[in-house]
Amino acid sequence: MPLLPEGHPEKIFREDGLRLDGRKPDDLRDLRIEIGVLKNADGSAMVCHGKNRIIAGAYGPREVHPRHLAQSDTGILQVQYRMSTFSVGERKSPVPGRREKEISMVIQHALEPVLFLEQYPNSTIDIFIQVMTADGGTRCASITAAALALADMGIPMRDLVTGVAVGKVDNKPILDLADYEDKWEEGAADMPVAVMMNEKKITLLQLDGQVGIDEYERMLDLAIKGAEGVYEAQKEALRKKYTSEIVGGR
Amino acid sequence: MSQIKDFVAIGDLLGVVEEFIPGSGTYEANGRIYAMFSGFKRIDRQRLEVSVQPVKKKEIIVPQVGDSVIAEVVFARKQSALLRIFKIRNHFLFDTYDGILHVSNMSSNYLANVDDGFKPTDIVRAKVMSKNEFEYELTTKFPEYGVIYAECSNCGTVLVREGNDLKCNLCAYPNPRKFAKDYGHVRERIENLQ
């Protein structure tokens, strides 16, 4: 991958119309997914999306602590999203801040619809997401990783959840923003989307910036198209992990 | 036989309801059948049923209707006893569930009071009859269900069986109980020794 200039580049598109890293406007970054990376977790996954490195571990269903959070008729999902101190250019304070708490909450809300939580009264499913390297779109990559950690745990799920970000720079909609595109300020907007791909149900949609209605619709179409690519990669990772065990055994 | 071509990931489309009956490991939404686990697709041609055999499945231990459970009597109300279920299908629970044993479901004989069958601290084998919003309704109406471990309510000595009654060898205090037919020869563990 070519080295990109630090900080704010002067232009966001090259002269041939491609982006600075050579992608077309509707291209995803490189995506590499590994499942079962943590030995002691019930389920785990690592997602390398562009320069993002995200590890998610899932535990449970298990006893709820503190106990007053337990609900007698349904289980609960608890998510912790944390950025490592070394994950960004300038050292990030390890104290969980407002941003991390909010992202934990939106990830929890994005994942809840795929689980059959009513099967686990008085229990919790815990997901811990650690961002090792951040390069834009960490909440979407975190959702992708967390969904696979849940899938690796072996609990029933309706579908996988796929996260992908769309945005607009210089008033052009682009898919899967990298960090420097995220920080571009002219004619910019940023829209993380999480989708359950089976029924095309959207479980997360945030929008930062100003877009018109037709622009918004174009961006959403782009997000669903991008999510299809991520979804295939997710399934391929599951297939690779579990079918390799069979081939090795026979 | 598990074959790679049969592998389905979570959320894969398996068919439509006109083709198959959704079996275990699958669910149906809008007339389409999807996989609920990652695993191998199985099609039963006789029953026209499609199911998924999971590659990895986490066992969830929640009382199901029909289960035989081990529970401790917490207290007796006027017409029912509250039982704390701590063992289901040979699994000790980290978190107990509450069960209600009504006096009419205690014995096949008539019991006037809860105290004629159960006292607090008794360990009981019971069957889950049904579940309401918060509690599981239990029954001990059959010979294999009932008290499997009891202490004298006067002196605390473990009761022994003599004919159709339980006796305290120390103080001869009357201890009426609805006990299981294998009382005194119970093999299964009632304490979590880990």
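Conventions adopted
- Residues numbered from 1 in each chain as written.
- Chains lettered and ligands numbered in written order.
- Predicted model: local features only at pLDDT ≥ 70, side-chain atom pairs only at ≥ 80, totals over all residues.
- Heavy atoms only, no water.
- Helix = DSSP H or I, 4+ residues; strand = E, 2+ residues; numbered from the N terminus.
- Rg over C-alpha atoms; globule rule 2.2 N^0.38 Å.
- Buried < 20%, exposed > 50% of the residue type's maximum accessible area, 1.4 Å probe, protein only.
- Contact = heavy atoms within 4.5 Å.
- Areas by Shrake-Rupley, 256 points an atom, 1.4 Å probe, with all protein chains shown as cover.
- Pairing = 2+ DSSP bridges.
- Core = buried A, V, L, I, M, F, W, Y, C linked by side-chain atoms within 4.5 Å.
- Buried area = accessible area lost by both parts, 1.4 Å probe.
- Salt bridge = Lys/Arg side-chain N within 4 Å of Asp/Glu carboxyl O.
- Polar contact = N/O pair within 3.5 Å; in protein donor to acceptor, adjacent residues only side chain to side chain.
- Nonpolar A, V, L, I, M, F, W, Y, C, P; charged D, E, K, R; others polar.
- Axes fitted to C-alpha atoms, helices over the stretch in contact; angles between N-to-C directions.

Q: Got a sec to walk through the overall build of chain B? Specific residues and values, please.
A: Assigned secondary structure in chain B consists of zero helices and 15 strands. A compact globule built from 194 residues would reach a C-alpha radius of gyration of about 16 Å, whereas chain B, at 23 Å, exceeds it by more than 25%. Each principal axis of the C-alpha atoms in chain B carries an extent, and together these give about 70 × 35 × 30 Å. Within chain B, buried positions represent 43% of all 194 residues. Contacts spanning at least 24 positions in sequence make up 51% of the contacts within chain B whose residues lie at least 6 apart. Just so you have it, chain B exposes about 10600 Å², and 48% of that area is on carbon and sulfur atoms.

Q: Describe the sheet that holds strand S7 (residues 49-54) of chain B, and please don't skip the residues or the numbers.
A: All names here are of chain B. If you walk across this open sheet you meet the four strands as S1-S6-S7-S3, and the pairing is mixed. Unpaired on one side and paired on the other, strand S1 (7-8) and strand S3 (21-22) mark the two borders of the sheet. As paired elements, S3 and S7 share two bridges and run parallel to each other. By the bridge assignment for S7, Ile21 is matched with Glu49.

Q: Tell me about the environment of Gln64 of chain B, residues and numbers included.
A: All names here are of chain B. Following the sequence through the fold, Gln64 ends up in the loop between S7 and strand S8 (68-76). Spatially, the C-alpha atoms of Gln64 and Ile21 are 23 Å apart, while their sequence positions differ by 43 residues. Setting aside anything within four residues of it in sequence, one finds Gln64 in contact with Arg89 and Val128.

Q: Explain the nonpolar core residue by residue, including any values.
A: By size, the foremost hydrophobic cluster in this structure holds 64 residues, and its most contacted members are Leu111, Leu115, Ile125, Ile127, Ile129 and Leu150 of chain A. Setting aside residues up to four positions removed in sequence, Leu111 of chain A forms contacts with Leu77, Ile127, Ile143, Ala146, Ala147, Leu150 and Val161 of chain A. By size, the runner-up hydrophobic cluster in this structure holds 29 residues, among which are Val62, Phe118, Leu159 and Phe179 of chain B.

Q: Explain the interface of chain B and chain A to me, using residue names and the numbers behind them.
A: Taken together, the 29 residues of chain B in the interface contact 33 residues of chain A. Summed over the three residues of chain B that lose the most area to chain A, namely Ile10, Lys56 and Lys58 of chain B, the buried surface amounts to 23% of that side. At the junction of chain B and chain A, the tally comes to five salt bridges. A salt bridge links Glu199 of chain A to Arg32 of chain B; the nearest nitrogen and oxygen atoms lie 4.0 Å apart. Where chain B packs against chain A, one counts 11 residue pairs in polar contact (both at pLDDT 80 or more). Sorting elements by how many residues they give to the side of chain B that touches chain A places strand S10 (residues 91-102) of chain B first, with four residues. A breakdown of the residues in the side of chain B that touches chain A according to their chemical character gives 18 nonpolar, five polar and six charged.

Q: Any chance you could break down the sheet that holds strand S2 (residues 13-16) of chain B for me, citing the residues and the numbers?
A: Residues and elements named next belong to chain B. Taken together, three strands build an open sheet; the order of strands is S2-S5-S4 and the sheet is antiparallel. Two strands bound the open sheet, and with one partner strand each, they are S2 and strand S4 (26-29). Taking the axes of each pair of neighbouring strands and ignoring which way they run, one obtains an average angle of 30 degrees across the sheet.

Q: Can you tell me about the environment of Phe13 of chain A, naming the residues and giving the values?
A: Residues and elements named next belong to chain A. Relative to the helices and strands, Phe13 is located in the segment before strand S1 (31-35). For Phe13, a relative accessible area of 10% corresponds to the buried category. With 157 residues separating them in the primary sequence, Phe13 and Asp170 have C-alpha atoms 8.9 Å apart. Excluding residues within four positions of it along the chain, Phe13 makes contact with Leu18, Arg19, Val169, Asp170, Lys172 and Ile174.

Q: Got a sec to walk through unusual backbone geometry? Specific residues and values, please.
A: Cis geometry is found at the peptide bond from Gly60 of chain A to Pro61 of chain A, where omega equals -10 degrees. Residue placement: Pro61 of chain A occurs in strand S3 (residues 52-63). Backbone torsion omega between His65 of chain A and Pro66 of chain A reads -5 degrees, so that peptide bond is classified as cis. Among the secondary structure elements, Pro66 of chain A is positioned in the loop between S3 and strand S4 (76-83). Its identity is not glycine, yet Thr121 of chain B carries a phi of approximately 80 degrees, on the positive side. Summarising the element assignment, Thr121 of chain B is placed in the loop between S10 and strand S11 (123-131).

By themselves these figures say nothing about function.
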